[in-house]
Amino acid sequence: MRVSIVIPVYNEEPRLRKVITRVEKAIERITKDYEVIIAEDGSIDGTDRLARQIGRENPKVIHLHSDERLGRGEALKRAFKRSKGEILVYMDSDLATDLKHLKELISFIENGAQFSTGSRLLPESGTRRSVRREIASRTYNLLVRTLFGIPIHDMQCGFKAFERKALFDILDDIEDKHWFWDTECLVRAYKKGYKVVEFPVRWKDKESSKVNFVKDSMRMGTKLVMLWWKLEGFKWMCL
């Protein structure tokens, strides 16, 4: 299979069918050889029943259910391991990134990159969100670049693609089970020497985002320092 698209969902019953329809329309303009995996993560609002129904109606849509909340990162890992595509894609269920960029996201992998990611923070990007979130995002990504020396401006954009073999090379090394998964994935990929391509996208913040600004910012900062200690700390101790 050419492309597997994974969409992690939690309590998305009101918009799930519309999301899947939009994603299918976008990918069918690129290839007919695809699957869409709904990585449903312990929802309690009826999302599981609707996802199961959509899967029964459409053989290209696969529903993966978890009785308990795994966390976004763990749901992604589980879905990738069940996927069949040679190019693996994931996007957040709010579809904050304009789907017109899907072809570009995939084409970078087809043309030799192992990892590609949309960016909300490049000069050419078109981003609409609050000033507070913009400042927090830029500060966080500056810290990532400073700690790890990685020339990527936006680690956390929920719009990424991977060469299957390269992702599976690091997949079990990624320890985070929730929002930090994106950062840890790209840091580990870069440190292993894989080619990571970042490109500008149009992105609009959604009011229904599951991110808790204060709690998740503190958690992400802590996890960033812990990852630095695991990957870089010993080097500094030896200086």
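Residues numbered from 1 in each chain as written. Predicted model: local features only at pLDDT ≥ 70, side-chain atom pairs only at ≥ 80, totals over all residues. Heavy atoms only, no water.

## Concerning the packing of helix 5 (residues 131–148) against helix 7 (residues 181–191)
Part 1 of the argument: In the contact formed by helix 5 and helix 7, the axes pass within 12 Å of each other and the chain directions differ by 30 degrees. Judged by the angle between their axes, helix 5 and helix 7 are roughly parallel. The handedness of the crossing between helix 5 and helix 7 is right-handed. For the pair helix 5 and helix 7, the contacting residues are Y140, V144 and F148 in the first and T183, V187 and K191 in the second.
Part 2 of the argument: In terms of residue class, the contact of helix 5 with helix 7 is built from four nonpolar, one polar and one charged. (Axes fitted to C-alpha atoms, helices over the stretch in contact; angles between N-to-C directions. Helix = DSSP H or I, 4+ residues; strand = E, 2+ residues; numbered from the N terminus. Parallel < 35°, antiparallel > 145°, perpendicular 65-115°, else oblique. Left-handed = near helix turned anticlockwise from the far one by under 90°. Contact = heavy atoms within 4.5 Å. Nonpolar A, V, L, I, M, F, W, Y, C, P; charged D, E, K, R; others polar.)

## Describing the pattern of salt bridges
Part 1 of the argument: All chains considered together, the criterion is met by 18 salt bridges.
Part 2 of the argument: E57 is the partner of R17 in a salt bridge, and the nearest nitrogen-oxygen pair spans 3.0 Å. You can see R17 sitting in helix 1 (residues 16–28) and its partner E57 sitting in helix 2 (residues 47–57), a full 40 residues away along the chain.
Part 3 of the argument: Overall, the relative accessible area of 35% leaves R17 in the partly exposed class.
Part 4 of the argument: D176 serves as the salt-bridge partner of K223, at 3.0 Å between the closest nitrogen and oxygen. (Salt bridge = Lys/Arg side-chain N within 4 Å of Asp/Glu carboxyl O. Buried < 20%, exposed > 50% of the residue type's maximum accessible area, 1.4 Å probe, protein only.)

## Section: the packing of aromatic side chains
Part 1 of the argument: Counted according to the given criterion, the structure contains eight aromatic pairs.
Part 2 of the argument: With a centroid separation of 6.3 Å and an interplanar angle of 45 degrees, the aromatic rings of W228 and W229 are classed as tilted.
Part 3 of the argument: Grouping aromatic residues by their ring pairs yields a cluster made of F80, Y90, F115, F162, W181 and Y194.
Part 4 of the argument: Between the NZ or CZ atom of K60 and the centre of the ring of Y34, over which it lies, the distance is 4.5 Å. (Phe/Tyr/Trp six-rings, centres within 6.5 Å; stacked < 30°, edge-to-face > 60°. Lys NZ or Arg CZ within 6 Å of the ring centre and 35° of its normal.)

## Here we look at helix 2
Part 1 of the argument: Among the residues of helix 2, those classed as buried are T47, D48, L50, A51 and I54. Each buried residue of helix 2 lies within a common arc of 165 degrees when the element is viewed along its axis, so the set occupies one face. The exposed residues of helix 2 that point more than 90 degrees off its buried face are R49 and R56.
Part 2 of the argument: Elements that come into contact with the buried residues of helix 2 comprise strand 1 (3–9), helix 1, strand 2 (34–41) and strand 3 (61–66). (Arc of directions from axis to C-beta.)

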